[in-house]
Amino acid sequence: MSYTPTKLLVALCLIFYPLLGFAHGTIRPWQPIWSAWIYTPDVAIPMLLTVVVYFRGRAKRREAGRPVSMGQTITFLLGMLCFVIALQSPLEPLSEHFLFFHQIEHLLMRGLGPLLLILSMPLAPLLQGLPKTIRHSVLTPIIRNKPIQWLYRFLGHPIIASVLFIATLLIWQIPSLHNRALADQSLHNWMHFTMILTGFFFWWLICDPRQKSSRIPFGIRIIVLWLVTIPNTIIGAIITLKRDQIYAAYDVLDGRLAIEIMLDQQLGGIMIWGPGGMMGLIGTAVVFFLWTRKDRKLRYAH
C-alpha cells in the first residue's frame with residue numbers, strides 16, 4: 001500500500017471523526033475557573049488511541065530500520081496537545097463566555113494544531129500502527145471509493161482549499177450565525193468541524209514537503225499565505241475597533257475574570273488580527289525551510 005495524500009486525509013478523518021461529538025463544558029458559580037477541565041470519552045478516547053497507534057507504528061518503523069525522528073514525534077505530540085487544550089481544558093467552557101478565549105480555541109483548532117500535525121509527517125507511523133485488518137478492510141475500501149477520491153481532489157484544490165480556509169473564519173464571525181452557534185451545540189460542533197477540516201486541507205497545501213508532485217510551487221505558497229492573511233487582518237481590525245457590542249451571546253462570566261464585554265471583544269479581535277496573522281509568518285518560515293532544503297538536495301545531487 002503506497003502512501004498518498006488521500007491516505008493521510010482518510011487516516012486523519014478516521015481519527016478525528018469521533019470529535020464530531022464535541023463536548024461543551026460548563027463553569028459552575030462555585031468552581032475555580034482553571035479547574036474546569038473536561039473529560040469526555042468521545043473526545044479523550046480517540047485522542048488517546050491516536051497517540052497509542054502512532055507510537056505503535058513508530059516502534060514498528062524503528063524495528064524495520066526506518067525510524068521516526070525525535071523532532072517529528074515531539075511535533076506530533078505538540079499538535080495533539082493543541083487539540084487537547086482546545087477541547088478538554090478550561091479553554092473550552094471559557095470559550096462559551098468570552099470571545100477572546102473562543103478565538104484562542106479557534107487558533108489552536110484551525111491553525112497551530114493542523115500545522116504541527118502535518119509537519120510531523122505522521123502518515124507512516126499512523127498507518128503502520130493500525131492493525132492489518134483495519135488497514136485492509138476499512139482503509140483500503142474507503143481510499144478506493146470514487147466519491148471520496150473526488151471529494152479529496154475538490155477540497156484539496158489550491159483555490160478551493162484557500163477559499164474555504166478563510167471562509168470558515170469569516171462566515172462563522174457573522175454576528176447572527178456566531179450568536180446562534182453559541183446557543184446551539186450541534187451548530188457549534190459544525191463550526192469546529194469545518195474549521196478543523198479546512199485547516200488540515202489548507203496547511204497540507206502549504207506544508208506539503210514533496211518536490212515533484214506537490215500541487216503548487218513554493219513561491220506560490222508564500223503568495224497564498226499572504227493573500228489569506230489580508231481578510232484575516234481586516235476582520236480582526238473591524239472587531240477590535242468596533243465601539244459597540246457585536247456578539248450578544250458572550251456574558252464574560254459576570255466579570256469573574258475582571259474582563260468587561262467590550263474589552264473581551266477587543267481582545268478577541270486582536271487574537272484574530274495579531275496571532276491569527278502571525279500564522280502567515282510561521283507558514284512562510286516553514287515554506288522557506290522546505291524551499292532551501294529542496295535547493296540543497298538539488299545542489300548535492302549535481
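Quick caveat, the model's predicted, so the values are computed rather than measured.

A.B. asks: Just checking my understanding: could you explain unusual backbone geometry for this structure?
C.D. replies: Trans peptide bonds make up most of the peptide bonds, and negative phi angles are found at most residues other than glycine. Phi at V252 takes a positive value of approximately 50°, unusual for a residue other than glycine. With respect to the element layout, V252 can be found in the loop between α12 (218-241) and α13 (261-273). Overall, V252 belongs to the buried group, its relative accessible area being 5%. Positive phi values are uncommon outside glycine, yet L253 reaches one of about 55°. On the secondary structure map, L253 appears in the loop between α12 and α13.

A.B. asks: What is the right way to read a nonpolar patch on the surface from this model?
C.D. replies: A surface patch of nonpolar side chains, about 550 Å² in accessible area, is lined by I220, I223, L227, I230, I234 and I238. Along the chain, L227 turns up in helix α12. By relative accessible area, which is 53% here, L227 ends up exposed.

A.B. asks: How do you make sense of the nonpolar core when you look at a structure like this?
C.D. replies: Counting 68 residues, the largest nonpolar core has L94, F98, F202, W203, I206, C207 and I239 as its most contacted members. Other than its neighbours up to four places away in sequence, F202 contacts A161, S162, F165, V224, L225 and V228. Within the second largest apolar cluster, five residues are counted, among which are W172, A181, L187 and M191.

A.B. asks: Any chance you could explain the pattern of salt bridges here in plain terms?
C.D. replies: Once the charged atoms of two side chains with opposite charge are near each other, the side chains can pair. Counted according to the given criterion, the structure contains one salt bridge. The residue K242 makes a salt bridge to D244 at a minimum N-O spacing of 3.9 Å. K242 sits in the partly exposed class, given a relative accessible area of 37%.

A.B. asks: Help me understand the packing of aromatic side chains, please; the structure alone is not making it clear to me.
C.D. replies: In this description, an aromatic ring pair is defined by two values, namely the gap between the centres and the angle between the planes. Tallying each qualifying case throughout the model produces 14 aromatic pairs. Between F165 and W203 the ring centres are 6.1 Å apart and the planes differ by 80°, which places this aromatic pair in the edge-to-face class. One end of the pair, F165, is in helix α9 (residues 158-172); the other, W203, is in helix α11 (residues 185-207), and 38 residues separate them in sequence. A single burial state applies to F165 and to W203, both of which are buried. With centroids separated by 5.2 Å and ring planes inclined at 80°, the aromatic side chains of F202 and W203 adopt a geometry described as edge-to-face. We note that F202, like W203, is buried. A cation over an aromatic ring shows up here: R110 above the ring of F165, its NZ or CZ 4.1 Å from the ring centre.

A.B. asks: Is there a simple way to explain the environment of S95 in this structure?
C.D. replies: Relative to the helices and strands, S95 resides in the loop between α4 (91-94) and α5 (99-119). Separated by 155 residues in sequence, S95 and Y250 have C-alpha atoms that sit 8.8 Å apart. Beyond its immediate stretch of four places on either side in the chain, S95 contacts F101, H102, E105, L182 and Y250.

A.B. asks: Got a minute to help me understand the packing of α5 against α11 in this structure?
C.D. replies: The axes of two packed helices give the description: the angle between them and the distance between them. Packing of α5 against α11 brings their axes to within 8 Å, and their N-to-C directions diverge by 35°. Crossing angle aside, the handedness with which α5 passes α11 is right-handed. Each of H102, E105, H106, M109, R110, G111, P114, L115, L117, I118 and L119 in α5 lies in contact with α11, whose residues at this interface are H188, M191, H192, M195, I196, G199, F200, W203, W204 and C207. Split into classes, the residues belonging to the contact of α5 with α11 amount to 13 nonpolar, six polar and two charged.

Rules used throughout
Residues numbered from 1 in each chain as written. Predicted model: local features only at pLDDT ≥ 70, side-chain atom pairs only at ≥ 80, totals over all residues. Heavy atoms only, no water. Helix = DSSP H or I, 4+ residues; strand = E, 2+ residues; numbered from the N terminus. Buried < 20%, exposed > 50% of the residue type's maximum accessible area, 1.4 Å probe, protein only. Patch = residues over 30% accessible without salt bridge, like charges linked within 9 Å, V, L, I, M, F, W, Y side chains within 5 Å. Areas by Shrake-Rupley, 256 points an atom, 1.4 Å probe, with all protein chains shown as cover. Salt bridge = Lys/Arg side-chain N within 4 Å of Asp/Glu carboxyl O. Core = buried A, V, L, I, M, F, W, Y, C linked by side-chain atoms within 4.5 Å. Contact = heavy atoms within 4.5 Å. Phe/Tyr/Trp six-rings, centres within 6.5 Å; stacked < 30°, edge-to-face > 60°. Lys NZ or Arg CZ within 6 Å of the ring centre and 35° of its normal. Axes fitted to C-alpha atoms, helices over the stretch in contact; angles between N-to-C directions. Left-handed = near helix turned anticlockwise from the far one by under 90°. Nonpolar A, V, L, I, M, F, W, Y, C, P; charged D, E, K, R; others polar.

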